[in-house]
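Architecture and fold: a report
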Amino acid sequence: MNSIIFMGPPGAGKGTQAKILCDTLGIPQISTGDILRAAVKNGTQMGLEAKKYMDAGDLVPDSVVIGIIKDRLVEPDCKNGFLLDGFPRTVEQADALDKILSTEGLKIKRAINLEVPDQELLERLLKRAEIEGRSDDNETTIKSRLETYNKKTLPLLDYYAAKGNLSRVNGVGNLDTVTKLIEKELA
């Protein structure tokens, strides 16, 4: 079973690589943002709970996000595996995920971190903002997001490294090269 976590800073190419990998492996890409929106749309108990926070413009608390992830992982399309994109974001979430999976006799096969230097990320995100016309993505906000990501993610890298299932993949290079590096780590 392919149970994969994709990590990496904004602009590292996670979404693009996740789509390619999920198509190749025939597993769903599970994005917490997508799950939250779907749970709200479907009116699930966790979705209704999440909606209260989302409508108020607040972050959805861990307990709700974890509940929604738990509900999602038992869906039939996850029986052969899944790729989590955007979850876990903290060690506490990673612990909760491990508990959810262990009740099903499962564990994370591989946690992949796409590594890209901050200067490269800044250039990519500024270019993306220019192409997409995102005026809110300026150098100051991008640097702040990268700093926050680096602070929150380092403990997760240590967490998965201690479990022996962390792969650090160079996210700089052309699309095919990075894809091949990821596939090599999963082989």
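Computed from a predicted structure; not experimentally measured.

A look at the sheet that holds strand β1 (residues 2-7)
Here we have five strands laid out as an open sheet, ordered β2-β3-β1-β4-β5, and parallel in their pairing. Each edge of the open sheet is held by one strand with a lone partner, namely β2 (29-31) and β5 (166-170). The sheet shows a mean angle of 25° between the axes of neighbouring strands, direction not considered. Of the pairings in the sheet, the one linking β1 to strand β3 (residues 81-85) comprises five bridges and is parallel in character. When the bridges of β3 are listed, Phe6 appears paired with Asp85. Taken strand by strand, helix α1 (residues 14-25) contacts β1, β2, β3 and β4 (110-115), and its axis lies near 170° from that of β1.

Details of the packing of aromatic side chains
Applying the stated rule across the entire model yields one aromatic pair. Ring centres of Tyr159 and Tyr160 lie 5.0 Å apart, and the angle between their planes is 85°; this geometry places the pair in the edge-to-face category. Taking the relative accessible area as the measure of exposure, Tyr160 reaches 0% and is therefore buried.

Re the environment of Val64
By the secondary structure assignment, Val64 is in helix α4 (residues 62-73). Filtering out sequence-adjacent residues up to four positions away, Val64 remains in contact with Met46, Glu49, Ala50 and Tyr53.

Section: helix α6 (residues 118-132)
Across its 15 residues, α6 extends 20 Å between first and last C-alpha, which sits within 8% of the 21 Å expected from 1.5 Å per residue. Of the residues making up α6, those classed as buried are Leu121, Leu122, Leu125 and Ala129. Across the axial projection of α6, the buried residues extend over an arc of 100°, all falling on one side. Turned more than 90 degrees from where α6 packs its buried face, Lys127, Glu130 and Ile131 sit exposed. Elements in contact with the buried residues of α6: α7 (139-163). Of the residues flanking the end of α6, it is Gly133, one or two places downstream, whose phi is positive at about 65°.

Description of the packing of α1 against helix α8 (residues 175-186)
The N-to-C vectors of α1 and α8 enclose an angle of 55°; their axes lie 11 Å apart at closest approach. With respect to each other, α1 and α8 are oriented oblique. Crossing handedness for the pair α1 and α8: right-handed. Each of Thr16, Gln17, Ile20, Leu21, Thr24 and Leu25 in α1 lies in contact with α8, whose residues at this interface are Leu175, Val178, Thr179, Ile182, Glu183 and Leu186. Residue composition of the contact of α1 with α8, by class: seven nonpolar, four polar and one charged.

Reading the values: rules and limits
- Residues numbered from 1 in each chain as written.
- Predicted model: local features only at pLDDT ≥ 70, side-chain atom pairs only at ≥ 80, totals over all residues.
- Heavy atoms only, no water.
- Pairing = 2+ DSSP bridges.
- Helix = DSSP H or I, 4+ residues; strand = E, 2+ residues; numbered from the N terminus.
- Axes fitted to C-alpha atoms, helices over the stretch in contact; angles between N-to-C directions.
- Contact = heavy atoms within 4.5 Å.
- Phe/Tyr/Trp six-rings, centres within 6.5 Å; stacked < 30°, edge-to-face > 60°.
- Buried < 20%, exposed > 50% of the residue type's maximum accessible area, 1.4 Å probe, protein only.
- Expected span 1.5 Å × (residues − 1).
- Arc of directions from axis to C-beta.
- Parallel < 35°, antiparallel > 145°, perpendicular 65-115°, else oblique.
- Left-handed = near helix turned anticlockwise from the far one by under 90°.
- Nonpolar A, V, L, I, M, F, W, Y, C, P; charged D, E, K, R; others polar.

By themselves, these are just geometric observations and shouldn't be taken as functional.
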